[in-house]
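Chain and residue survey
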Amino acid sequence: MQKYNRIRDLREDSDLTQIQCAKIAYISKNTYIRYENGEREPPLDVIINLAKHYNVSLDYIAGLTNDKRGIGYKKQSNNKQNSTPNNNENKCNPLPSNDNNRYNITQNNNGGLNNISIKNK
């Protein structure tokens, strides 16, 4: 069984007692102590409550990353790195420009979603 050192570290960093953390997680003090000591496996809803309280990711509590924001973040940046662009840069082929058209066509990539606007000229 895994010992959850992170929940102990988070509790101590926040200057909370085990009783206070048990109340945050809606469990008894003895149950919380067993989670910290690795005697019992905490259910997902308990881990979610603690992650919300400490404003950290589930990945961090599980020990999968050392970044409190979760897997996929670069340490030097505040931007999450994933396969979906998270900016307004045009990441796809531009629409052909044709001055003979009766419409003004613009293309924008906003957060990974392609937006195409068609307006009368």
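Thresholds applied
The numbering scheme is per chain: residues are counted from 1 as the chain's sequence reads. At least 70 in pLDDT is required for a residue's local features to be given in this predicted model, at least 80 for side-chain atom pairs to be given and counted, and no such filter applies to totals for whole chains, interfaces and linings, which use all residues. The side-chain quantities take in all heavy atoms of the structure and omit both hydrogens and water. Strands here are runs of E lasting at least two residues and helices are runs of H or I lasting at least four, both read from the DSSP assignment and numbered beginning at the N terminus. Think of it in three bands: residues with accessible area under 20% of the maximum for their type are buried, residues over 50% are exposed, and the middle band is partly exposed, with areas taken using a 1.4 Å probe on protein chains only. His is not counted, nor are the chain ends, whereas Lys and Arg count as positive and Asp and Glu as negative. Just to be clear on terms, a salt bridge is a Lys or Arg side-chain nitrogen sitting within 4 Å of an Asp or Glu carboxyl oxygen. Contacts described as polar in this section are N or O atom pairs within 3.5 Å, which, within protein, must combine one atom able to donate a hydrogen with one able to accept it, while residues neighboring in sequence count only if both atoms come from side chains. Pairs of residues are marked as contacts when any of their non-hydrogen atoms sit within 4.5 Å. The directions considered for the arc run from the helix axis to the C-beta atoms.

Before going further, it helps to spend a moment on the side chain of Arg-6. Here Arg-6 lies in helix α1 (residues 5-13). This buried residue, Arg-6, is left without a salt bridge; Asp-9 holds the nearest opposite charge, at 5.1 Å. Among the polar contacts listed, one links the side chain of Arg-6 to the side chain of Asn-66, at a separation of 2.6 Å. When sequence neighbours within four positions are dropped, the list of residues in contact with Arg-6 reads Tyr-60, Ile-61, Gly-63, Thr-65 and Asn-66.

Let us now look at the side chain of Ser-57. As for its position among the elements, Ser-57 is in the loop between α4 (44-54) and α5 (58-62). Residue classification places Ser-57 among the buried residues on the basis of a relative accessible area of 13%. Only 3.4 Å separates the side chain of Ser-57 from the backbone nitrogen of Gly-70, close enough to count as a polar contact. Sequence-distant contacts of Ser-57, defined by excluding residues within four places in its chain, comprise Ala-51, Asp-67, Lys-68, Arg-69 and Gly-70.

With that settled, the discussion passes to helix α2 (residues 18-25). Turning to α2, its buried residues number three or more, namely Cys-21, Ala-22 and Ala-25. An end-on view of α2 places all buried positions within 105 degrees of arc, on one side of the element. As for α2, its buried residues are in contact with α1, α3 (29-37) and α4. Directly beyond the C-terminal end of α2, a positive phi value near 60 degrees is found at Tyr-26.

None of the figures reported here should be taken as evidence of function without further support.
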